[in-house]
Each structure stands twice: as C-alpha cells, then as structure tokens.
Amino acid sequence: MSTPVPLAPPRRLVDVTIDGREVRVPEGATILDACASTGTDVPTLCYGDTLTPKNACRVCVVEVDGARTLAPACSRAVEPGMAVRTDSERVRHSRRMVLELLGSSVDLSTTPEAPEWMERYGARPERFGPRAEPAALGERDARHAGAHEPPDGAAAATVEQPPKVDNDLYVRDYGKCIMCYKCVDACGEQWQNTFAIGVAGRGFDARISTEHDVALPDSACVYCGNCIEVCPTGALSFRSEFEMRAEGTWDEERQTQTTTICTYCGVGCNVTLHVQENEIVKVTSPHDNPVTHGNLCIKGRFGFQHVQQRRHD
Amino acid sequence: MDLRFLDAPPTDAERDAVDAVLGPAESGWDGGRREAADLRYARGGHAARDRRDLLLPALHAVNDRVGWISPAALDYICRRLTVPPAEAYGVATFYAMFAVHERPRRVVHVCTDIACAARGADRLRADLAERAGPPGGTGSEVVWHESPCLGLCERAPAALALEAGAPPRYAVAAPATAADLDRLTGAAAAPDEGPAGTGAHGSAGAATFASEPAAGGRAEPPAHASVPQAGEPGLVLLRRIGVVDPESLDDYRANGGYAALRRALRLGPAGVIREVLDSGLVGRGGAAFPTGRKWEGTARQPDTPHYLVCNADESEPGTFKDRVVMEGDPFSVIEAMTVAGYATAARKGYLYIRGEYPRALSLLENAIARARERNLLGRDILGSGFDFDIEIRRGAGAYICGEETAIFNSIEGRRGEPRSKPPFPIERGLFGKPTTINNVETLVNVLPILLMGGPAYAGIGTGRSTGPKLFCVSGTVRRPGVYELPFGATLRELVTLAGGTPDGRPPRAVLLGGAAGGFVRGDELDIPLTFEGAREAGATLGSGVVLVLDDTVDLPAILVRIAAFFRDESCGQCVPCRVGTVRQEEALHRLSTGAGARRTDLELLRDVGAAMRDASICGLGQTAWNAVESAIDRLGVFGAEPAAAPAEAPSPAHAAKEDR
Ligand SMILES: Cc1cc2nc3c(=O)[nH]c(=O)nc-3n(C[C@H](O)[C@H](O)[C@H](O)COP(=O)(O)O)c2cc1C
Ligand code: SF4
Ligand code: SF4
Ligand code: SF4
Ligand code: FES
Ligand code: FES
C-alpha cells in the first residue's frame, strides 16, 4: 500500500508586514504563524498547539493598523496587506497589564515563561497591593453569579485556594489556574469527548469545575490526563510531581526525557517518560504526533508503576 | 460522549416542570422508566443532542417551579437533552437568577444600581438589611438580593419579587418604600398548588406567570404611566402607548397595526431593504450600525436557514425604553420582527427578553398567540406564501447576554460568553447560520419607515442621525420616563421636558449612554442629542440613557456601583476584563473611602482602563472604564488634575460598544 498523500487545495499566499518586515504566508494563517515565520517572539498562554484558539488570555495581542482595538495574534487570520506591530507602546502596555493582572490574582510560580515575560514587559503585579488571604476549599465553588461581595480595598483579590487532591493520579491546584479553557477543550469536544470538567460561575468567580464540584472520582473523568498535557501553568499536575514539589525534591535539571512507545495496546502511542533518580515522575506525549497529538489514555499516562516495581528477592 | 449521571431521581415537581418543556421522556435512555426494550437499542447521536437549545428553558422551568435547580433536577435535564452534567452545571451557574443550592421559593431583588442609588436605594437597602438580615441570607420563606438595574429606573428605587410555584408569580414595587419591602420580604409564599399551571391568557398562549401579583405586591401602573408624553400628537414610536389596549390585536389593528407588514409584502424583501437603507436607520442597541446594511448583508448569504434575533435583553443600567415599548405596544414588536424576517429571508425569529421583565413577557406571549390565531404568524402569512414564527427566550440574569454573540450562545444552551468576531453574525450567527440581530427600538422604527417611506423618515432628525429616538430619563428629575424626540434636540431640551431637577438648579452631572457611556457636566447641556453631536462632545448616546444627578447624589458611590456592576457582569472569559474590573473596583473603593494613595490609584485606574479598552474581547470590557474615566477627567471627581492620556491610548474618549 502506498502512503496516502493529503490533497489539500494549494493555498494562496498573502503578503503582510510584521513590524515593518514583509512576509508571505498562506491564506488562513494566523498572525502568530506569520510572526513565527519572521522569528518574532509573541508570548502566548491560552494558545495551544493542538487546540482551537480560545483567545481568552490576551497576552498575545498585537496592533493591526487601522483597527480600533488590539487583536489576538493566536487566532486572528492574516488579511492581504495587513500591517502588524508586535512591540508598539500600546501592545507593550496591554501585555504588561495582562501579566500584572494575572500575576496579582493567580499563583504563577509554576508557569515556565512567566518570570521572563514579567521582566520583558516590566510587569509589577505587586502594585495592586498585598494579596488577599486564599479562600477556603470550596468557597469559590459556592459563589453565586452576580452576588456582589464588596471589595476589601486593602488587599488584592486572588483566586488562590488550597489544591484539590481527591485521587491518586493527579492534582488540581486551581490557585494556579488562569482560566485558559484548554483543559476543558481537551477533555470535551476537541479531544477526549468525556466532558468531565467545564467552566462554572461567572466573571472573577469563574472556575473549572465538575458538576456540583463533585470530587473527580465521582465525575465522568477517565484519568486520561489529557488536561494535564495542555495546562500551561502547572495548575494540573501529576500527583508525583505535586508531592515532589511539596517536598522540595522536584528538579527538572536532573530529569531525563525518553520518548518510547506505549506497550499496552496496538495503537502505539508515543509516551515521553520524565525520569528523575531512576523513577518515572511524569509522562507526556509529543504534540507533533500526527495520530495522537499529545493525547493518551489512562494506561499510557499513569500506568507506569509496574516498570519501576523492583524485585526484592 | 461518555455521560455519567447521578442515581438520584428528580422529584415529581421537577420532572413535571422539565416534561412541560421537553415532552415526556421516551425511554430509559433519556431519563424515563427503563423498559426491557431499552436494552435492545441505544439512543444517541445528533438526534439526541440537537435539542441543546432547550437547556435554558428547561432550567427556567425547574427554577420557576421549585425555586432552585437541585442536582437531581439538573441530572434529569441532562439525560433528557444528552448534555454532559459538567456543561449544564456551567450554564446554570452562569446566570444570577438560577440557584444550584436550595433556597426559598420567593426571591426579592432590590435594585441598588445607579438610577435607584440616585433615588435613595442605599437607605432602603440598609434598612432592609437591618430588618430582614443581610442579602443572600438564609431565611426559610424569602431570600433577598441586591440587584443590578431592573429596568424600572423611571420608578426608582425598584424591587422585584419572583416566586416559584405552579404557576410562578411576581410582584413589582416601584417606587419601593420600606413598607413595600417589608410586605415583599414578609409575606408568606402562596401555597404551592401542584402541577396544573393556570395560564393568564387561556390555553392558546401558554403564559409563564400568573396574572395576579405575588402576595405582598401591588398592581403595577400601566406602561403609559412611564411615558409622560403619552397621547401627545406627533409621536411616532410611542404613539400607540396609552392609546391601545396592549392585549388586544383588534385595537392594535384599529390603530394602524399591520399596515406596515402589508406594505412590506407588496414591496418584496428587496424593496423593504431599500426603504430601510434610504431611511438611514442605525441600530439603537448601542453600536449604531446601519440597519439596512445589516439586513442586506444577511439577505445575501447563500447559507440557509437565516435567523432573526430581537435583542430585548435590555440590561444596560438606566435603560428601560424597550420594556415600555414591549409593555405598551407589544404587537408592534411582533409585527416589526415579521417584517425583518421577511426582508432577510428568515423563517424563524427569536425574541430574547431579559428574565427580569415578567410583565413584558406575559404581554408578548399573548401578542404572539393572538397573531398566530389570525395568521399574522405561522405558515403563509396573509396569503403571501411567507412562513414565519417567533419563539421567546428568557434570559436569566446576565447583562452580557445582550452582547450580540453572547445572546447566540445563550439561546443555544451554552454559557453566555461572547464569541470572537470575525466571523460576524450576518455570516455565522445563531446555530452558526446567517443571523440578523436587532434591538427592540431599532425594529419598531421599521414600521414608520414603511408607512412614511424611507426618504421621508430620513427627513426627521439631522445628518446621519435620522428619525425619532427614545430616551430613558431617570435620576433627579421631576418627570422621569421614556421620551421620544427627533434626533437633534439638545440635552437641555430633554431635561427641561422632564421637568428639570426637583430644585430647579442645573444638574451636577448627566450620565449619557448608561454604565458603558460617560458623564457630562451640568454646564454642558447644549450637547445635541445626535450620534455625531455626542461623539464630538466626547460622549455617547449608547442605549439612550439620560441619568440626571444633582448635588444631593454621592458621585464616588455611583462610580463604585458602576465598577461593581462590571465586575459582577463580566463573563470571565478574558483577563483584561475578568481581573481588570476587580482591580478597578478595588481602586475606586480606596479612592472613595480616602484610603490609599490617590495619585497611585488614579494611575492604576488609567493603566487598567487602557488595557481593558484595548485588549478585551467584547464591548463589556472595552467600555467598563468609560464612565469612570469621564467622571475623573470631566467631572473632576477625586480632584484629579486633567491627566496626560496614557501613551498612545486608543483615542476616542468613549469607544462605542463595538464596531465591525
Ligand atoms: C455588554 C453588552 C451588552 C449589550 N446589551 C444589549 C442589550 O441589552 N440590548 C441591545 O439591543 N443591544 C445590546 N448590546 C448591543 C448588541 O451587541 C448589538 O449591537 C445590538 O443588539 C445590535 O442591534 P442594533 O443594530 O439594532 O442596535 C450590548 C452590547 C454589549 C457589548
Ligand atoms: S483526566 Fe481526562 S477525562 Fe479526566 S478531566 Fe482530564 S481530560 Fe478529562
Ligand atoms: S487548569 Fe490549567 S488548563 Fe485548565 S483552565 Fe486552568 S490553567 Fe488552563
Ligand atoms: S470583555 Fe469581559 S464580558 Fe467580554 S468576553 Fe471578555 S471577560 Fe467576557
Ligand atoms: S495566547 Fe492569544 S489570547 Fe491567549
Ligand atoms: S431599576 Fe434601579 S437602576 Fe434601573
């Protein structure tokens, strides 16, 4: 059998300028794609390489000449003749504010790029005042849409709350959640089709939740971990990673990554084993795999214990 | 989809309420009794899922019947509609009128928003809290909440009681006195009479609410009491209000009703669009987009079916004109929707009305039923071969659902979050199909356009602001209400028409365009009330709000209330708005109490404001700082020295709600 060749109609090319440099990109490409082709770095948080852009975080905004407001680079399609600026004062201001607003309300300590971007845009999240006390577990989940709580001008409200540890496999630490919607999209209609989690509540009280905030084992969750795979902030993490971080033993410098093939069934998904001190500490999957796009099932994601059962005889 | 449900069965009342909307369950697969035959086939796929848009009506049915949505009730709805429970929970918790925790059947909403605040709502609220406990408290009979604008601003301060039951009841107290609130929060809920709903308008028009007010409520004044000009000659949009019986189709027809539809059917769809283009009509919902171009754009789309949506969500604080039109002349809205459907080749129209408008809802339900009886809706309308019908969808307490793409998501049974544009509604709107969406006032303008002809209509008003315009005058004026003036009158003329301030002195400030608009000073009353005039003055007409504030009003408190409104009503999708509205409220809170460093907080407000305006997804975030900014810069609240604009700020002082 010969390999099938995808027969997409040839795409027309579109000329656009990025920061004054002309580039030619296929029609339908996003501004982010065009920026990538000129090597222009654009920060992104809610954008996921395997997901349809939700354009919720707005950290990727750029200035399109002639437009009243800034445009999200991750989702706005290029148009012929479009002139885009990625580093104007307006762009820098909004990116700085997005980082300050997130930094002041969410725990970004495990968001890999946050410190670099904060520095690049001069973001000072602390200017909104001291952080309010974290909410008790379940308090944010019980908030009623529209019910007003008068602010305490002395402290900056946050989404911080204790992590939800309700199963052996992974932890949901929503004090780190930036509401990028990626886990919901991965769990639901874009990949897993399980719909165990959704967005509940409204406004600042919006949160990722199972129905009625039931614990994961009581929800539809099948522990595929595909939500963890796409989470940009570490709000979702392997129980092993969570515990090692708590103990202070998590150390990515000392980890190796080995990509291999899952042995459980005939699909042959790729799994990348993250190993520290000869223990598998988490499992990811390459996003560029044309079949699985980074998705696994519970066996590939969490079924690694037998590999490290050492014989003690 | 791999759905997981609870084992808890719904109560009979919950099941009845849901079945009344969805029909009885067919089998064990969708929540009915499990029979042996169920084991031999599986129900699923698109057929099971394509009723997702009934999610919101089903949630309403349970909330209306029992007062809250229990896990078992939500579960039953999910089974019936093949909706994942986590998603349905996300939808139910999006709306302020729904509760997912047990609460009393009677809920009293006490408005604390800007027009009511200008009329003593604060004292009323504080007194009530003293007598009945804090808002949201856990009484067994009644619970009360502070509410954003209830759209009753001309009778501020306002309160609305909603009582679940069969049928549900409501009562309005406006202007509300302490005694009224005592009655509303003190009266026991009517006995729950069991499933048989009694329709106020008989069997043909299944009415949602009982016609008698809930216990403790008084009869509401008629709609024309809110129109000080009622009955005056020369009115165009308000001419029937107070003249016709809003329940009578015969009366409507005897007063010129349905003449415009007849003319439309003679002109043909293209002819109607030509008249609307010639009239120069632009949208009255806030964005001022040319209506004819919108209609032409939808009519031309090859994709079918086309939909029409009438935006009656009217939740912009200070706005109540659409309510008065719907209550005083409901058939005109139905006729205008029919004309719009005809022109844009839509066979189905949705009328999305905010959940806090029970009287308007009842009158529209009646109007639709009467129109169907006379073949003014349905198949082959008036023998023209044109089929068109209207479905009412009730909002459930979310300002954002007035945004034109959020309204689509809300109707489709999803969270009312705005979509990103492009694509625009004319290409991909409701159910992904070409959709025309117009405000109530925009639509009713089409009737006089057809009767007098587009060019004659364009002769009313000035330049690019053609036709008559409705203004919602509230606050500290002698005769608040809905006023109709041709575009071009000045703000002074309007305030004078409304009797001026109680003490006859010029107002301290006027809020134009609602919470998303901006303030002007009392010495700027010569601003012409046109889109161009307002823009030149750095203001906006928005939805026609004219909220007059004299110097008895605590302006900083009004600003804090506006900030609270945006914080509470943000959908939460994008960071600039979700967090920015919180930081804005915190800073205003500090400024108004004198805590914190003023300069720092003003700078902080400007920084946050510029990002909200520039980087938010939709008009809510983009305008959330407008009013505050204008109060600081124009009124000098907080003693700000006119500050340098933030670097390369998006220039127009008041971005309109959206562009396209
Ligand atoms: C946050 C927000 C709320 C809105 N609320 C309403 C509303 O309640 N009623 C309305 O007609 N338009 C509202 N709009 C404007 C609509 O998005 C839309 O522009 C309008 O319905 C179009 O109708 P028109 O062209 O007839 O004005 C709102 C816009 C935003 C951004
Ligand atoms: S582990 Fe899989 S099923 Fe469970 S919430 Fe995450 S994506 Fe959904
Ligand atoms: S948990 Fe992670 S993936 Fe999910 S919304 Fe929050 S930050 Fe995004
Ligand atoms: S601007 Fe506000 S209301 Fe609009 S999409 Fe963003 S969060 Fe939602
Ligand atoms: S990455 Fe583009 S909006 Fe979040
Ligand atoms: S009804 Fe209270 S502000 Fe409108």
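Residues numbered from 1 in each chain as written. Chains lettered and ligands numbered in written order. Predicted model: local features only at pLDDT ≥ 70, side-chain atom pairs only at ≥ 80, totals over all residues. Heavy atoms only, no water.

## Some points on the overall build of chain B
From N to C terminus, chain B includes 24 helices and 15 strands. Its C-alpha atoms put chain B at 80 × 60 × 50 Å along the principal axes. Across the 660 residues of chain B, 63% fall into the buried class. Sequence separation of 24 or more characterises 73% of the internal contacts of chain B that already satisfy a separation of 6 or more. Surface summary for chain B: the accessible area is close to 22100 Å², and the carbon and sulfur share equals 51%. If you average the places of the 73 positive and of the 84 negative side-chain charges in chain B, the two averages end up 2 Å apart. (Helix = DSSP H or I, 4+ residues; strand = E, 2+ residues; numbered from the N terminus. Buried < 20%, exposed > 50% of the residue type's maximum accessible area, 1.4 Å probe, protein only. Contact = heavy atoms within 4.5 Å. Areas by Shrake-Rupley, 256 points an atom, 1.4 Å probe, with all protein chains shown as cover. Lys, Arg positive; Asp, Glu negative; His and termini not counted. Charge placed at Lys NZ, Arg CZ, Asp CG, Glu CD.)

## Notes on the overall build of chain A
Looking only at helices and strands, one finds seven helices and 12 strands in chain A. Per-residue burial over chain A gives 54% buried out of 313 residues. Taking all contacts inside chain A whose residues are at least 6 apart in sequence as the whole, residues at least 24 apart take part in 57%. As presented, chain A carries roughly 14300 Å² of accessible surface, and 52% of it is formed by carbon and sulfur atoms. The centroid of the 33 positive side-chain charges in chain A is displaced by 4 Å from the centroid of its 44 negative side-chain charges.

## Notes on the packing of aromatic side chains
Residues and elements named next belong to chain B. Taken as a whole and assessed by the stated rule, the structure comprises 16 aromatic pairs over all chains. Aromatic rings pair up to connect Phe94, Tyr95 and Phe98 into one cluster. One Lys or Arg, Lys469, reaches over the ring of Phe471 and ends 5.8 Å from the middle of that ring. (Phe/Tyr/Trp six-rings, centres within 6.5 Å; stacked < 30°, edge-to-face > 60°. Lys NZ or Arg CZ within 6 Å of the ring centre and 35° of its normal.)

## Looking at the site of ligand 1
All names here are of chain B. Neighbouring ligand 1 are 22 residues; Gly285, Lys294, Asn438, Asn439 and Thr442 lie closest to it. Here Arg284 contributes a backbone N or O atom positioned 3.3 Å from an oxygen atom of ligand 1. Thr442 is positioned such that a nitrogen or oxygen atom in its side chain is 2.6 Å from an oxygen atom of ligand 1. About the coverage of ligand 1: the protein hides 98% of its 610 Å² of free accessible area. (Near = heavy atom within 4 Å. Polar contact = N/O pair within 3.5 Å; in protein donor to acceptor, adjacent residues only side chain to side chain.)

## Notes on unusual backbone geometry
Cis geometry is found at the peptide bond from Lys421 of chain B to Pro422 of chain B, where omega equals -5 degrees. Note on placement: Pro422 of chain B falls in the loop between α15 (406-411) and β8 (435-439). In the segment running from Pro422 of chain B into Pro423 of chain B, the intervening peptide bond is cis, with an omega of 0 degrees. Despite not being glycine, Asp19 of chain A has its phi angle at roughly 50 degrees, a positive value.

## Topic: the interface of chain A and chain B
With 63 residues of chain A at the interface, the matching set in chain B holds 65 residues. The contact between chain A and chain B buries some 5400 Å² in all, and 52% of this surface belongs to carbon and sulfur atoms. For the chain A face of the interface with chain B, the top three residues by lost area are Arg68, Arg202 and His212 of chain A, together amounting to 15%. Inspection of the region where chain A meets chain B yields six salt bridges. Counting the contacts that link chain A with chain B gives 31 residue pairs in polar contact (both at pLDDT 80 or more). Counting only elements with at least two residues in the side of chain A that touches chain B, the list comes to β3 (61-64), α2 (89-105), β7 (198-200) and β8 (207-209) of chain A. Sort the elements by how many residues they give to the side of chain A that touches chain B and α2 of chain A lands first, with 11 residues. Residues that form the side of chain A that touches chain B fall into these classes: 28 nonpolar, 19 polar and 16 charged. (Buried area = accessible area lost by both parts, 1.4 Å probe. Salt bridge = Lys/Arg side-chain N within 4 Å of Asp/Glu carboxyl O. Nonpolar A, V, L, I, M, F, W, Y, C, P; charged D, E, K, R; others polar.)

## Quick look at the pairing of strand β5 (residues 306-312) of chain B
Residue and element names in this part refer to chain B. Of all seven residues making up β5, seven are buried, and the element is well covered by its neighbours. Of the two faces of β5, the one holding His306, Leu308, Cys310 and Ala312 and the one holding Tyr307, Val309 and Asn311 are both buried throughout. Pairing between β5 and strand β6 (residues 346-353): seven bridges, direction parallel. For Tyr307, the partnering residue across the bridge sits in β6 and is Lys348. Here β5 runs beside β8; their pairing, made up of five bridges, is parallel. Bridged to Tyr307 within β8 is Thr435. (Pairing = 2+ DSSP bridges.)

## Remarks on the environment of Pro134 of chain B
Tracing the backbone through its elements, the reader meets Pro134 of chain B in the loop between α7 (121-132) and β2 (142-147). Discounting chain neighbours no more than four positions away, the residues touching Pro134 of chain B are Ala129 and Trp144 of chain B.

## Here's the deal with the packing of α2 of chain A against helix α21 (residues 575-593) of chain B
Running from N to C, α2 of chain A and α21 of chain B cross one another at 65 degrees; their axes reach a closest spacing of 9 Å. Relative to α21 of chain B, α2 of chain A is oriented so that their crossing is left-handed. Across the interface between the two elements, Val98, Leu101, Leu102, Ser104 and Ser105 of chain A of α2 of chain A pack against Val575, Pro576, Arg578, Val579, Gly580 and Arg583 of chain B of α21 of chain B. Across the contact of α2 of chain A with α21 of chain B, the residue classes tally to six nonpolar, three polar and two charged. (Axes fitted to C-alpha atoms, helices over the stretch in contact; angles between N-to-C directions. Left-handed = near helix turned anticlockwise from the far one by under 90°.)

## Some points on the nonpolar core
Residue and element names in this part refer to chain B. Grouped together as the largest cluster of nonpolar side chains are 219 residues, with contacts concentrated most on Tyr95, Ile334, Leu351 and Phe519. For this core, the element with the highest residue contribution is helix α13 (residues 330-343), accounting for nine residues. Apart from residues no more than four positions distant in its own chain, Ile334 is found in contact with Tyr258, Leu351, Leu364, Ala367, Ile368, Ala371, Leu377 and Ile390. The next biggest cluster of nonpolar side chains, apart from the first, holds 24 residues, and it includes Tyr483, Leu494, Leu512 and Leu525. (Core = buried A, V, L, I, M, F, W, Y, C linked by side-chain atoms within 4.5 Å.)

## Considering the pairing of β6 of chain B
Residues and elements named next belong to chain B. Burial analysis of β6 places six of its eight residues in the buried class, which makes it a mostly covered element. The sheet contact formed by β6 and strand β7 (residues 389-394) spans six bridges and is parallel. Bridge assignment links Tyr352 to a residue of β7, and that residue is Arg393. This β-α-β element, β6 to helix α14 (residues 358-373) to β7, shows right-handed connectivity. (Right-handed = clockwise from strand over helix to strand, strands pointing away.)

## Details of the domain arrangement of chain A
Residues and elements named next belong to chain A. Domains assigned within chain A are domain 1 (9-131) and domain 2 (159-308). Put simply, the middle of domain 1 and the middle of domain 2, counted by C-alpha atoms, are 26 Å apart. Listed by partner, the interface residues are 20 residues for domain 1 and 22 residues for domain 2. Of the roughly 1700 Å² buried between domain 1 and domain 2, counting both surfaces, carbon and sulfur atoms make up 57%. A per-residue breakdown of the area domain 1 buries against domain 2 is headed by Thr50, Leu51 and Thr110, which together make up 34% of the total. (Domains from an automatic or database assignment.)

## Focus: the environment of Asp250 of chain B
All names here are of chain B. Turning to its location among the elements, Asp250 is positioned in helix α9 (residues 249-254). When its relative accessible area of 46% is taken as the criterion, Asp250 is described as partly exposed. Sequence separation between Asp250 and Val110 is 140 residues; the distance between their C-alpha atoms is 37 Å.

## Focus: the pattern of salt bridges
Residue and element names in this part refer to chain B. Counting across every chain of the model gives 80 salt bridges over all chains. With a shortest N-O distance of 3.5 Å, Asp387 and Arg379 are connected by a salt bridge. Residue classification places Arg379 among the exposed residues on the basis of a relative accessible area of 63%.

## Quick notes on the sheet that holds β7 of chain B
Strand-to-strand pairing in sheets goes through backbone hydrogen bonds, with the strands running parallel or antiparallel. Residues and elements named next belong to chain B. Taken in spatial order, the four strands line up as β7-β6-β5-β8 in an open sheet, and their pairing is parallel. Of all the strands in the sheet, the pair left with one neighbour each is β7 and β8. For this sheet the average axis-to-axis angle between neighbouring strands, irrespective of direction, equals 20 degrees. Of the strands in this sheet, β5 and β8 are in contact with helix α16 (residues 440-452), which crosses β8 at around 95 degrees.

## Brief notes about the sheet that holds strand β1 (residues 106-111) of chain B
Residue and element names in this part refer to chain B. Read from one edge of the open sheet, four strands run β2-β1-β3-β4, paired in mixed fashion. Only two strands of the sheet have a single partner each, and these edge strands are β2 and β4 (169-173). Averaged over all neighbouring strand pairs, the angle between strand axes comes to 15 degrees, with direction disregarded. Across five bridges, β1 lies against strand β3 (residues 159-163) in antiparallel orientation. Within β3, the position partnered with Arg106 by the bridge is Glu163.

## A few points about the packing of α2 of chain A against helix α3 (residues 114-121) of chain A
Residues and elements named next belong to chain A. As a packed pair, α2 and α3 sit with axes 9 Å apart at the nearest point and diverge in direction by 135 degrees. Relative to α3, α2 is oriented oblique. Considering how the two elements wind past one another, α2 and α3 form a crossing that is left-handed. Contacts between α2 and α3 involve Arg92, Arg95, Arg96, Leu99 and Gly103 on the former and, on the latter, Trp117, Met118, Arg120 and Tyr121. The residue makeup of the contact of α2 with α3, split by class, is four nonpolar, one polar and four charged. (Parallel < 35°, antiparallel > 145°, perpendicular 65-115°, else oblique.)

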